[in-house]
Amino acid sequence: MSSASAVSLGGIALSARHGIARRTALRRYPGPRRVRSFARTGNNPSQTSRGKTRGSRRLRVVAEQHGISLEDARALFSKRFCKGSGVHLELRETATGRGLVATAPVAPGDVLITVPWREAIHVLEDGYADGDDLRLAMELLHVLDDGDDDGFIDGEYDSRVKTWRTYRPMLPVSTGAAAFWCVDNIRELQFPEAVEKTLTQRAQFNAGAMRHSNDARTKEKIMWALQQVHSRSFSVMTPRGRARCLVPYVDLFNHRPESPKDARHTDELLQRALRKAFTKGSEEGVHDGEWAGAEPWQVVGLDPLDDESEESAVFQMRSIWAYEPGEEVFITYGHETSAELLTSYGFFPEPNDGEFVKLYE
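Everything in this summary refers to the structure shown in the same document. (Residues numbered from 1 in each chain as written. Predicted model: local features only at pLDDT ≥ 70, side-chain atom pairs only at ≥ 80, totals over all residues. Heavy atoms only, no water.)

Our focus in this paragraph is helix 5 (residues 192–212). With 21 residues, helix 5 should cover 30 Å at 1.5 Å per step; its first-to-last C-alpha distance of 31 Å lies within 8% of that length. Listed in full, the buried residues belonging to helix 5 are Glu193, Ala194, Val195, Thr198, Leu199, Gln201, Phe205, Asn206, Gly208 and Ala209. (Helix = DSSP H or I, 4+ residues; strand = E, 2+ residues; numbered from the N terminus. Expected span 1.5 Å × (residues − 1). Buried < 20%, exposed > 50% of the residue type's maximum accessible area, 1.4 Å probe, protein only.)

Along strand 17 (residues 314–318), five of the five residues are buried, which leaves the element largely enclosed by surrounding structure. Of the two faces of strand 17, the one carrying Val314, Gln316 and Arg318 and the one carrying Phe315 and Met317 are both buried. Pairing analysis gives five bridges linking strand 9 (residues 111–116) to strand 17, with the strands arranged antiparallel. Across the sheet, Val115 pairs through a bridge with Phe315, a residue of strand 17. Pairing of strand 16 (residues 297–300) with strand 17, which is carried by four bridges, proceeds in the antiparallel orientation. Directly across from Val299, in strand 17, lies its bridge partner Phe315. (Pairing = 2+ DSSP bridges.)

Counting residues in hydrophobic clusters, the biggest one holds 70 residues, and the most contacted among them are Phe77, Phe253 and Phe315. Looking at which element gives the most residues to this core, the answer is helix 2 (residues 132–146), with eight residues. With eight residues, the next largest nonpolar core counts Leu189, Val195, Leu199 and Leu342 among its residues. (Core = buried A, V, L, I, M, F, W, Y, C linked by side-chain atoms within 4.5 Å.)

Ordered in space as 9-17-16, the three strands form an open sheet in which the pairing is antiparallel. Of all strands in the sheet, those with a lone pairing partner are strand 9 and strand 16, marking the two edges. Each neighbouring strand pair of the sheet contributes to a mean axis angle of 20 degrees, computed without reference to strand direction. (Axes fitted to C-alpha atoms, helices over the stretch in contact; angles between N-to-C directions.)

Along the chain, Glu350 connects to Pro351 via a cis peptide bond; the corresponding omega equals 10 degrees. Among the secondary structure elements, Pro351 is positioned in the segment after helix 8 (338–345). In this structure, Asp154 takes a positive phi of about 55 degrees despite not being glycine. Inspection of the secondary structure assignment puts Asp154 in the loop between strand 11 (152–153) and strand 12 (156–157). Its identity as a non-glycine residue notwithstanding, Gln190 has a phi of 75 degrees, on the positive side.

Before going further, it helps to examine the sheet that holds strand 10 (residues 121–124). The antiparallel open sheet is built from three strands, whose spatial order is 10-14-13. The two strands at the open ends of the sheet, each matched to only one other strand, are strand 10 and strand 13 (234–238). The sheet shows a mean angle of 35 degrees between the axes of neighbouring strands, taken without regard to direction. The sheet contact formed by strand 13 and strand 14 (residues 241–246) spans five bridges and is antiparallel. Counterpart to Ser235 in the pairing with strand 14 is Arg244. Packed on one face of the sheet, helix 2 meets strand 10 and strand 14 and runs near 145 degrees to strand 10. (Contact = heavy atoms within 4.5 Å.)

By the definition in use, this model includes 13 aromatic pairs. Both rings, one in Tyr333 and one in Tyr345, keep their centres 4.9 Å apart while their planes meet at 50 degrees; by these two values the pair is tilted. Residue Tyr333 is located in the loop between strand 18 (330–331) and helix 8, and its partner Tyr345 is located in helix 8; the two are separated by twelve residues in the primary sequence. Residues Tyr333 and Tyr345 agree in their burial class; the two are buried. Ring geometry for Tyr345 against Phe347: centres 6.1 Å apart, planes inclined by 45 degrees, an arrangement best described as tilted. Considered together, Tyr345 and Phe347 belong to a single accessibility category, that of buried residues. Put simply, the rings of Phe77, Phe81, Trp164, Tyr167 and Tyr249 pair up and form one aromatic cluster. For the cation-ring pair, Arg256 lies above Trp321, with the distance from its terminal atom to the ring centre recorded as 4.0 Å. (Phe/Tyr/Trp six-rings, centres within 6.5 Å; stacked < 30°, edge-to-face > 60°. Lys NZ or Arg CZ within 6 Å of the ring centre and 35° of its normal.)

Turning to its location among the elements, His230 is positioned in helix 6 (residues 219–232). Residue classification places His230 among the buried residues on the basis of a relative accessible area of 4%. For His230, the side chain forms a polar contact with the side chain of Asp133, separated by 2.9 Å. For His230, the side chain forms a polar contact with the side chain of Ser344, separated by 3.4 Å. (Polar contact = N/O pair within 3.5 Å; in protein donor to acceptor, adjacent residues only side chain to side chain.)

What follows is about the pattern of salt bridges. Inspection of the entire model under this criterion finds 17 salt bridges. Here Arg165 makes a salt bridge to Asp149, at a shortest N to O gap of 3.2 Å. With Arg165 in helix 3 (residues 159–167) and Asp149 in the loop between helix 2 and strand 11, the pair connects residues that are 16 residues apart, well separated along the chain. Taking relative accessible area as the criterion, Arg165 reaches 32% and is therefore assigned partly exposed. On the accessibility criterion, Asp149 (67% relative accessible area) is exposed. Between Glu310 and Arg240 there is a salt bridge, with the nearest N and O atoms lying 2.5 Å from each other. With Glu310 in the loop between strand 16 and strand 17 and Arg240 in the loop between strand 13 and strand 14, the pair connects residues that are 70 residues apart, well separated along the chain. Classification of Arg240 as partly exposed rests on a relative accessible area of 26%. One network of salt bridges, in which partners are shared, links Asp145, Asp146, Arg168, Arg217 and Lys221. (Salt bridge = Lys/Arg side-chain N within 4 Å of Asp/Glu carboxyl O.)

Remember that the coordinates give geometry; whether it matters functionally is a separate question.
Below is the structure:
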């Protein structure tokens, strides 16, 4: 595939490759929304099995605008997951921007990070007039803006308030996602189907933000929250239904693209690793039941009939691949074209092993 012409966005050149903004049945994991910087390499670059990029020359273009320095972000992560917490990860500068790097060997199926479910901001996905993107964005603003210094909202204590006020500096000022560009810049993508779908998504976001805006919740603030949701949220099955959620610190993992063939092979390996890990946990009395679903993340310990279980339930991320100390630990955002990644997350890898074109309906 040839490359499209460069797009100038606030002085930053974004070279958008031809791609089709279309979700397909090949998408493996629904919903982790995380943006990162992307790297272009010269002289016929290639991707290694551990996500490293080879090439004689690298030009990095950062689309995401951070609201906190890397040093402060690392300190915040290290304070939350200090030694002895069981988390063998560090936040570092990597070839893909800011990423989580292994500090100990990691095997497929190993637990990478665990966060209390009570600290996640979530909404159920189906059966509502507004989409889950918009409802989750409004819930994010509710937690950030409506809680008091003691962590209370409307007279009731909410553990999300202090967690997310502490975590807020880690959220980007802007993700760079194409769905939030101005119309003229979107049209510069040139590929007709990508332009059409990106403009449609932009219109939906703008309409939702306008519909819910007021003096306290401006359109600009809602659009900022929608960027966070669209780039950093997860879709996860729970005993109470499928939920769309924002989970602090878990959203720091970057994306590793795969070809459809590799994706199918990874699915098989991952499911075997999850069954093995979860069966071992059940034998030790750690968990009940089996790991549900195909995702490497799960809500564990949530009882659909017991509201108090929300206090002890956790959101858990397990590794998809094996890593050695010093290697960046990746997840996959799904089988996405370059146009889809740029539209939703504000980056695209080059080369993108998950790229495809639609040949017929």
